[in-house]
Amino acid sequence: MKSPEVVVMSNQPDRIIIFDTTLRDGEQSPGASLTVEEKLTIARALARLGVDIIEAGFPYASPGDFKAVQKIAQTVGTENGPTICGLARATKNDIKAAGEALKPAFSSRIHTFIATSDIHLKHKLKKTRQEVLAIVPEMVSYAKTFTDDVEFSPEDAGRSDPEFMYQVLETAIAAGATTVNIPDTVGYTTPSEFGALIKGIKDNVPNIDQAIISVHGHDDLGLAVANFLEAVKNGARQLECTINGIGERAGNAALEELVMALHVRRQYFNPFLGRSVDSTTPLTKINTQEIYKTSRLVSNLTGMMVQPNKAIVGANAFAHESGIHQDGVLKNKLTYEIMDAESIGLTNNQIVLGKLSGRNAFRTRLNELGFELSDTDLNNAFLRFKEVADKKKEITDWDLEAIVNDEIQQAPELFRLELVQVSCGDHASPTATVTLRNPEGKELTDAAIGTGPVDAVYKAINRVVNVPNELIEFSVKSVTAGIDAMGEVTIRLRHQGHIYSGYAANTDIITASARAYISALNRLYGAIQEQSQVNNLSEPVLTSQN
Ligand code: KIV
Ligand code: ZN
């Protein structure tokens, strides 16, 4: 194969840096909000996956975000762990909050940004180009007082005037930015345009060899991954991505797709990184066998389900349905498979535990699945496991995930379900009675009639909790096959424009439905409480980040 023409810049790494923004941009997906503990669980999984940098949040946005970044910096940002990054607009308050939150990390990065497109300058920032050009060096220099590792992004780069953006990037690098990140904020560019944008930056920003070029992009036209791969061919060495591609609107470029494209098509990409075509050195530091587990974990904790036909991690990604394909694969896998399911850590959903399994076996398997539970969570999950094992002989990895997710996703438990009872049938009006314990510890019982048993339960719960909301999604699915399978319920509800999700799993789907609803209501109720505390302290809270 003839090597493509490549220009390898002197200070550039000869591999691709993976910058994961699941906990920042990913968490901006409607309804994906996570508790501090859930963020910590995901951050640990990302460290095991081998990402280079974790963008842990936007510390100035809320006290909860600040705390999460600080906790991740403390616990996951260890000497051998990933760099922990915090997002900040190009303002002193934002940068200071990021610097403070990141203090406990061994290696920290501040990612500061300001828009450069005329649309954003005119309508959002109400600033002139000259004003932006003055702000950038001042804020990059200020960020440098907290850490040497500063990333700068010209937001909406994809729609910015390239000549102006070159100037801004030059100024940012001169002020000390070590990474310049090029965001296609609205997912507007095509692969060849995005590749040309990166090439233009390399050719026209005089000091570009002093910084690493990174890319960030949204999937509004389904082009984010293709755009990034074209950017790699043109000199980008850092990719900003999220697990399962979650994120603002249509999401971000999916980490698993980028990593596996670079892995499976290594020979194609090698020369663009100055390597010989046949080099077997991996192009990223990602441990691909952790991909599937991490994907399931993020999906379960965020309530963002992965579509079955999703590349790499969808339920059908390695399934062969047609007879011709099955026949071919049985004769030789290479006929219809370009990668092994094992390479992403996908194993058969084997029966792993039964009702005689002990706590140690339970904990060990959970650790292998990526869960590290506190003693209290482990005890509660073990009790649930025993309950389920009594009803269901064979417990698989998927059952275990469902049990643990059900257990850890109920926090913060403000309202607690004490009892749910329904009566229904083809000649009866579906009627539900529920008893809940409220945050003050008082038991409250109510009943309602609905169009079906779940509707009746939700109406009864609403009568007790009394927070107006609109149920916008209800999904119930079986965790495994079989009549004794557990049902997983995921719901989303809307309150004043914000979306809250809830998840629960149980062998009784009415109980699972009630618990999932209360879980979402607890998140909503918690957000209302946090907001009123913040208002009392008159601290700034942002609702929109970019
Ligand atoms: O999409 C975007 O432009 C962003 C920036 C903050 C990098 O998320
Ligand atoms: Zn973004």
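Here the structure is a predicted model, which is why all the values come from computation and not from measurement. Numbering of residues begins from 1 in every chain and follows the order in which that chain's sequence is written. Starting at A for chains and at 1 for ligands, labels are handed out in the order in which the entities are written. Local features in this predicted model are restricted to residues whose pLDDT is 70 or higher, and side-chain atom pairs enter the listing and the counts only when it is 80 or higher, whereas totals over whole chains, interfaces and linings include all residues. By convention in this description, side-chain values take in all heavy atoms of the structure and omit both hydrogens and water.

Brief notes about the environment of Asn234
The secondary structure listing takes helices from DSSP runs of H or I that are at least 4 residues long and strands from runs of E that are at least 2 residues long, numbered from the N terminus. Turning to its location among the elements, Asn234 is positioned in the loop between helix 8 (224-233) and strand 8 (238-241). Think of it in three bands: residues with accessible area under 20% of the maximum for their type are buried, residues over 50% are exposed, and the middle band is partly exposed, with areas taken using a 1.4 Å probe on protein chains only. Assessed through its relative accessible area of 16%, Asn234 is described here as buried.

Examining the side chain of Asn270
Mapping Asn270 onto the fold places it in the loop between helix 10 (266-269) and helix 11 (291-302). Within the structure, Asn270 has its side chain in polar contact with the backbone oxygen of Ser276 (distance 3.4 Å). When checking whether two residues touch, look at their non-hydrogen atoms; a contact exists if any pair is within 4.5 Å. Apart from the residues lying within four places of it in its own chain, the contact partners of Asn270 are Arg275, Ser276, Val277, Asp278, Ser279 and Leu283. Pairs of N or O atoms within 3.5 Å make up the polar contacts considered here, provided that, within protein, one atom can donate a hydrogen while the other can accept it, and that residues adjacent in sequence are counted only when both atoms are side-chain atoms.

Some thoughts on the coordination of the zinc ion (ligand 2)
Coordination shells were defined by N, O and S atoms within 2.8 Å of each metal, extended to 3.2 Å for Na, K and Ca; water is absent from the atom set, which can make sites look incomplete. Bound to the zinc ion (ligand 2) are the protein donor atoms Asp25 (OD), His216 (NE2) and His218 (NE2), situated 2.0 to 2.2 Å from the metal. Spacing between the donor residues of the zinc ion (ligand 2) along the chain follows D-x190-H-x1-H. Note that Asp25 is positioned in the loop between strand 1 (17-20) and helix 1 (36-49) and His216 in strand 7 (residues 212-217), a separation of 191 residues in sequence. Grouping residues by exposure puts Asp25 and His216 together as buried.

Thoughts on empty space enclosed by the protein
In this approach, a probe sized like a water molecule rolls over the atoms, and the result shows the empty space that is left. Think of a 1 Å grid over just the protein atoms. A cavity is a set of points where a 1.4 Å probe fits yet cannot get out, a pocket is an open set with protein on both sides within 12 Å along at least five of seven lines, and lining residues have an atom within 4 Å of a point. Grid points are joined across faces, edges and corners, and a volume is the space filled by probe spheres set on the points. Applying the stated rule across the entire model yields 3 cavities of 30 Å³ or more. By volume, the second largest cavity amounts to about 50 Å³. Where the lining of the second largest cavity is concerned, the elements lending two or more residues are helix 1 and helix 11. The greatest single-element share of the lining of the second largest cavity, amounting to 3 residues, is contributed by helix 11.

A few points about helix 14 (residues 375-391)
Each residue after the first adds 1.5 Å to the expected span of a helix. For helix 14, built from 17 residues, the straight-helix expectation of 24 Å at 1.5 Å per residue is met to within 8% by its first-to-last C-alpha distance of 25 Å. Regarding helix 14, the residues found buried are Leu378, Ala381, Phe382, Arg384, Phe385, Val388 and Ala389.

Observations regarding the domain arrangement of the protein
Throughout the structure description, domain borders are defined by an automatic or database domain assignment. Here the protein is partitioned into domain 1 (17-302), domain 2 (351-408) and domain 3 (416-533). Inter-centroid distance (C-alpha atoms) of domain 1 to domain 2 is 35 Å. Contacts between domain 1 and domain 2 engage 9 residues on the former and 9 residues on the latter. In total, domain 1 and domain 2 occlude about 870 Å² of area from one another, counting both sides; carbon and sulfur atoms represent 43% of this. Buried area counts how much accessible surface, traced with a 1.4 Å probe, disappears from two parts once they are put together, with both parts' losses summed. A per-residue breakdown of the area domain 1 buries against domain 2 is headed by Arg48, Lys293 and Arg296, which together make up 45% of the total.

A look at the pattern of salt bridges
One side-chain nitrogen of Lys or Arg within 4 Å of one carboxyl oxygen of Asp or Glu is enough to make a salt bridge. Summed over all chains, the structure comprises 35 salt bridges. A salt bridge links Lys103 to Glu100; the shortest N-O distance between them is 3.3 Å. A relative accessible area of 59% means that Lys103 is categorised as exposed. The exposure class assigned to Glu100 is partly exposed, which follows from its relative accessible area of 30%. Two residues, Glu230 and Lys233, come together in a salt bridge whose shortest N-O distance is 3.4 Å. Of the two residues, Glu230 and Lys233 are both situated in helix 8; the distance of 3 residues between them amounts to about one turn of the helix. Here Glu230 falls in the partly exposed class, since its relative accessible area comes to 23%. Where salt bridges share partners, they join Arg416, Glu418, Arg437 and Glu443 into one cluster.

Notes on the sheet that holds strand 14 (residues 470-478)
Two strands are counted as paired when DSSP detects at least two bridges linking them. Read across the open sheet, the 3 strands follow the order 14-15-16; overall the sheet is antiparallel. Two strands close off the open sheet at either side, each with one partner strand: strand 14 and strand 16 (498-506). Ignoring strand direction, the axes of neighbouring strands in this sheet form an average angle of 15°. As defined by bridge partners, strand 14 adjoins strand 15 (residues 487-495) across 8 bridges and the pair is classed as antiparallel. Bridge pairing in strand 15 places Val476 opposite Val489. Only the stretch in contact is used when a helix axis is fitted, and all axes are lines through C-alpha atoms; the angle between N-to-C directions ranges over 0 to 180 degrees.

Concerning the sheet that holds strand 11 (residues 416-423)
The sheet built from 3 strands is open, its strands ordered 11-12-13 with antiparallel pairing. Pairing within the sheet leaves two strands with one partner each, and these edge strands are strand 11 and strand 13 (443-449). If you compare each strand with its neighbour and ignore which way they point, the axes differ by 15° on average. Sheet strands touched by helix 16 (residues 453-465): strand 11, strand 12 (431-437) and strand 13. Its angle to strand 13, the strand with the most contacts, is close to 140°.

Let's talk about the state of the cysteines
Cysteine sulfur atoms that come within 2.5 Å of each other are treated as a disulfide pair. Counting across every chain of the model gives 0 disulfides. The structure places no disulfide on Cys241, whose sulfur is separated from the nearest cysteine sulfur, that of Cys85, by 13 Å.

Describing the pairing of strand 12
Where strand 11 lies against strand 12, 7 bridges are found, and the strand directions are antiparallel. Across the sheet, the residue bridging to Val422 is Ala432, located in strand 12. Sheet topology places strand 12 next to strand 13; 7 bridges connect them, and they run antiparallel. Note that in strand 13 the partner of Arg437 across the bridge is Glu443. The loop that links strand 12 with its antiparallel partner strand 13 comprises 5 residues; one of these, Gly441, has a positive phi angle of about 90°.

Brief notes about the side chain of Ser160
Turning to its location among the elements, Ser160 is positioned in the loop between strand 5 (150-155) and helix 6 (162-174). Looking at Ser160, its side chain comes within polar contact range of the main-chain nitrogen of Ser117, at 3.1 Å. Sequence-distant contacts of Ser160, that is, excluding residues within four places in its chain, are made with Thr116, Ser117 and Glu155.

Focus: the packing of helix 8 against helix 9 (residues 255-264)
With their axes 10 Å apart at the nearest point, helix 8 and helix 9 run at an angle of 45° to one another. Compared by their axis directions, helix 8 and helix 9 come out oblique. Our pair here, helix 8 against helix 9, has a crossing hand that is right-handed. In this structure, helix 8 contributes Val225, Phe228 and Leu229 to the contact, and helix 9 contributes Glu257, Leu258, Ala261 and Leu262. Three classes are used: nonpolar for Ala, Val, Leu, Ile, Met, Phe, Trp, Tyr, Cys and Pro, charged for Asp, Glu, Lys and Arg, and polar for all others, with Gly counted as polar. Class assignment of the residues belonging to the contact of helix 8 with helix 9 gives a composition of 6 nonpolar, no polar and 1 charged. Each angle receives one of four descriptions, namely roughly parallel if under 35 degrees, roughly antiparallel if over 145, roughly perpendicular if within 65 to 115, and oblique otherwise. With the far helix as reference, a near helix turned anticlockwise by less than a right angle produces a left-handed crossing, and one turned clockwise produces a right-handed crossing.

With respect to unusual backbone geometry
Even without a glycine there, the phi angle at Arg249 is positive, about 50°. Its place among the elements puts Arg249 in the loop between strand 8 and helix 9.

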